[in-house]
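One letter stands for each residue in the lines below.
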Amino acid sequence: QVQLVESGGGLVQAGDSLRLSCAASGRTFSSYVMGWFRQPPGKEREFVAAISWSAPVTYHADSVKGRFTISRDNAKNTVYLRMNSLKPEDTAVYYCAADEKPLTLSSDYREYDYWGQGTQVTVSS
């Protein structure tokens, strides 16, 4: 069983920065792809970013490219999402997810096998 626990969300103003963390436990993650997704109020879940575990290959959604950065610390089994220049439209519940049999860095939430409980990010204008 895999457990994912997100932290770091909160209420910020437009233009501020936040760093989300996702701590993984229960299994080894050397072959997992880790992803961040978000669900804005009243909308569908959407892809934010993904990262391979054993090599620093990343993939960011166009909507966050240049503002958000996914990274990982293998020694701590932790994935991060650094969010700069936040906008009100970034307001959402942010979820961490793990794909245990990845074929690629997927943006499709159905490819991910494990999910955290989510952390709320609210950006005021």
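Further up the page is the structure itself.
Residues numbered from 1 in each chain as written. Predicted model: local features only at pLDDT ≥ 70, side-chain atom pairs only at ≥ 80, totals over all residues. Heavy atoms only, no water.

> Just give me the short version of the pairing of strand S3 (residues 18-25), but keep the residues and values in it.
Both strand S1 (residues 3-7) and S3 contribute to a ladder of 5 bridges, which runs antiparallel. Bridging across to S3, valine 5 finds its partner in alanine 23. Across 6 bridges, the pairing between S3 and strand S8 (residues 78-83) is antiparallel. From the neighbouring strand, leucine 20 faces S8, where its bridge partner is leucine 81. (Pairing = 2+ DSSP bridges. Helix = DSSP H or I, 4+ residues; strand = E, 2+ residues; numbered from the N terminus.)

> For the state of the cysteines, give the residues involved together with the corresponding values.
Inspection of the entire model under this criterion finds 1 disulfide. In this model, cysteine 22 is linked to cysteine 96 through a disulfide, with the two sulfur atoms separated by 2.0 Å. Since a negative S-S torsion denotes a left-handed disulfide, the cysteine 22-cysteine 96 link at about -75 degrees is left-handed. Here cysteine 22, found in strand S3, pairs with cysteine 96, found in strand S9 (residues 92-99); they are 74 residues apart in sequence, far enough to count as distant. For the pair cysteine 22 and cysteine 96, a shared accessibility class is recorded, and that class is buried. (Disulfide = S-S within 2.5 Å. Buried < 20%, exposed > 50% of the residue type's maximum accessible area, 1.4 Å probe, protein only.)

> Could you give an account of the sheet that holds S8, naming the residues involved and the relevant values?
Spatial strand order, S1-S3-S8-S7: 4 strands in an open sheet with antiparallel pairing. Each of the sheet's edge strands pairs with one partner strand only, and the pair in question is S1 and strand S7 (68-73). Direction aside, neighbouring strands of the sheet carry axes that sit 15 degrees apart on average. (Axes fitted to C-alpha atoms, helices over the stretch in contact; angles between N-to-C directions.)

> Which residues make up the environment of serine 85, and what values do they have?
Along the chain, serine 85 falls in the loop between S8 and S9. Taking the C-alpha atoms as reference points, serine 85 and glycine 116, 31 residues apart in sequence, are found 25 Å from one another.

In short, shape yes, function no, at least from these values alone.
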